[in-house]
Amino acid sequence: MNDWPDRRNDAPEERYGRGSTGTEPEGARAMPHVRRPAPPRQVPPQQYRPPQDYDAPGPSDGRGPSDGYNTGQVYGHGSGGGRGGAGRGNPGGAGGRGARAGAPDWRKRIKIGAIALVATALVVSVSTYFWADSKMRREVDLNKVADRPAAGSGTNYLIVGSDSREGLSEADKKDLHTGSADGKRTDSMMILHTGDNGTTMLSLPRDSYVTIPAFTGATSGKQYAQSTHKLNRAYSDGGAELLVRTIEYNTGLRIDHYAEIGFGGFRNLVDALGGVDMCLDKPIKDRDSGADFKAGCQTLNGAQSLAFVRQRHQEADQDLGRMRNQQKFLNTLAKQAASPSTVLNPFRLYPVIGSGLDTLVVDKDMGLWDLASMFWAMKGVTGGDGQQLTVPIGNPNLPTRSDGEAVAWDKVKAKQLFDQLKKDEKVTAVAPK
């Protein structure tokens, strides 16, 4: 009796199935409910490229040849992720390795870089402007000055160096030889005129014997009659406003802007600049100011610079000689402050601006552009774009009744000079330098 099920016998081909003679797997024939795998898609000859390495795409990407029953990925990087694939990793590829990326667009990169550079410079400039503007000490109100002359052509700056000891400790006063006198006095006064006919820097001796107009004391409210005294007295009695009024009264020039710096601010400004280079034609030694310099070129720090501009006892004409030294020093200082080594170096520029503005007292209408114009004009005088003068002197040792010896102006030549400045004409008045 045949124990084998129907259609089974001992024949090998029957015992083990049809083997490889059939076109379908045995499991598929025995289980008709199982879906047969789709035959591999035929790739056109022109699109087929043999795999170059183990990362070649498998049948899952629908591009390469079939690997038999394998419908996944054996060695590749997933669909579209393999090298040379046409998936998301290489959208430009077609049937194999993608096209080589193009060269960088340098014109576009340069344009973007230039825009970023300009934007950065603009932000830094605007920020610096507002920072510097906020530090300006606008404490002098020229609108309070009475009986002012009519405005002329060009711009007139009154630059004052005072002996203010603001911010100085007792040790500083000793080191700087400033003493501890109360109140404030002027140590130097200059009118800087700018216009179409160049720049003129005109020094006014502090001992000039001038008329001080009647005024009312700012704190006492006391009325003071018109008087004749040294120019320095106007500043001591009525501050910057009375000084401006006195200068306007005696020169006929309208002062457009006012700038004043004290001892401490002067020292700090020079130190922030890294010193000022000065060339001296003779040695200087002055006990009162503390000056002690050898002849020749040298760099003066803040304390040494202050001693240099204050010393006068070695000068044959005392205050007049000191004014010449002050003019020379301020021109050199302005030139160095406006040099590329300062302007283009933020580590030097910002300390210089900060030190100068912290102690520089200006009028309420002075803007940063006005201040910059003033410094550029001073620099221009050094470069030959203008001239340095002292008001014409008639008598440098005029005896007075209550002020000792004073300096008397040459009224004729002085008036000619002031008229030329007011009309912004070429200065031809003879005045000693």
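So, here is what we can say about the structure in this document. In this text, all values refer to a predicted model and were calculated from it rather than measured experimentally.

### Some words on the overall build of the protein
Phase 1 of the analysis: When its secondary structure is counted, the protein shows 12 helices and 17 strands.
Phase 2 of the analysis: Counting across all 433 residues of the protein, residues that qualify as buried make up 39%.
Phase 3 of the analysis: For the protein, the exposed area adds up to about 25,200 Å²; of that, 53% sits on carbon and sulfur atoms.

### Topic: the packing of helix α6 (residues 263-273) against helix α10 (residues 346-359)
Packed helix pairs are specified by the crossing angle of their axes together with the interaxial distance, meaning the distance between the axes.
Phase 1 of the analysis: Where α6 meets α10, the closest approach of the two axes is 8 Å, and the angle between their N-to-C directions is 175°. With respect to α10, the element α6 is oriented roughly antiparallel. Judged by residue contacts, G265, N268, L269, A272 and L273 of α6 engage R348, P351, V352, S355, G356 and T359 from α10.
Phase 2 of the analysis: Tallied by class, the residues present in the contact of α6 with α10 amount to five nonpolar, five polar and one charged.

### Examining the side chain of D286
Phase 1 of the analysis: Assignment of secondary structure puts D286 in strand β11 (residues 284-286).
Phase 2 of the analysis: Using a relative accessible area of 5% as the deciding quantity, one classes D286 as buried.
Phase 3 of the analysis: At a separation of 2.8 Å, a polar atom in the side chain of D286 contacts the side chain of S289.

### Describing helix α8 (residues 319-337)
Turn by turn, an α-helix covers 3.6 residues, leaving residues three or four places apart pointing in a common direction.
Phase 1 of the analysis: With 19 residues, α8 should reach 27 Å at 1.5 Å per residue; the first-to-last C-alpha distance of 26 Å fits that figure.
Phase 2 of the analysis: Here α8 lies mainly inside the structure; 15 of its 19 residues are buried.

### Here's the deal with the packing of aromatic side chains
Phase 1 of the analysis: All told, the structure shown has five aromatic pairs when counted by the stated rule.
Phase 2 of the analysis: Here F308 and F329 contribute two aromatic rings whose centre-to-centre distance is 6.3 Å and whose plane-to-plane angle is 45°, an arrangement assigned as tilted. Placement of the pair is F308 in helix α7 (residues 302-310) and F329 in helix α8, with a sequence separation of 21 residues. For the pair shown, F308 and F329 are each scored as buried.
Phase 3 of the analysis: Ring pairing ties together the aromatic residues F266, F293, F308 and F329, which thus form one cluster.

### What about the state of the cysteines?
Phase 1 of the analysis: Here the structure, examined in full by the defined rule, presents one disulfide.
Phase 2 of the analysis: Across the disulfide, C279 is cross-linked to C297 (sulfur-sulfur distance 1.9 Å). Between C279 and C297, the S-S dihedral sits near 100°, and the bridge is therefore right-handed. With C279 in strand β10 (residues 276-280) and C297 in strand β13 (residues 296-300), this pair connects stretches of sequence that are 18 residues apart.

### With respect to the sheet that holds strand β4 (residues 198-203)
Phase 1 of the analysis: Across the sheet, which stays open at both edges, the seven strands sit in the order β1-β14-β9-β2-β3-β4-β15 with mixed pairing between neighbours. Strands with a single pairing partner mark the edges of an open sheet, and in this sheet they are β1 (137-140) and β15 (386-390). Each adjacent strand pair in this sheet contributes to an overall mean axis angle of 25°, direction not counted.

### Structural notes on α10
Phase 1 of the analysis: For α10, built from 14 residues, the straight-helix expectation of 20 Å at 1.5 Å per residue is met to within 8% by its first-to-last C-alpha distance of 20 Å.
Phase 2 of the analysis: For α10, the complete set of buried residues consists of V352, G354, S355, G356 and L357.

Calculation criteria
- Residues numbered from 1 in each chain as written.
- Predicted model: local features only at pLDDT ≥ 70, side-chain atom pairs only at ≥ 80, totals over all residues.
- Heavy atoms only, no water.
- Helix = DSSP H or I, 4+ residues; strand = E, 2+ residues; numbered from the N terminus.
- Buried < 20%, exposed > 50% of the residue type's maximum accessible area, 1.4 Å probe, protein only.
- Areas by Shrake-Rupley, 256 points an atom, 1.4 Å probe, with all protein chains shown as cover.
- Axes fitted to C-alpha atoms, helices over the stretch in contact; angles between N-to-C directions.
- Parallel < 35°, antiparallel > 145°, perpendicular 65-115°, else oblique.
- Contact = heavy atoms within 4.5 Å.
- Nonpolar A, V, L, I, M, F, W, Y, C, P; charged D, E, K, R; others polar.
- Polar contact = N/O pair within 3.5 Å; in protein donor to acceptor, adjacent residues only side chain to side chain.
- Expected span 1.5 Å × (residues − 1).
- Phe/Tyr/Trp six-rings, centres within 6.5 Å; stacked < 30°, edge-to-face > 60°.
- Disulfide = S-S within 2.5 Å.
- Pairing = 2+ DSSP bridges.

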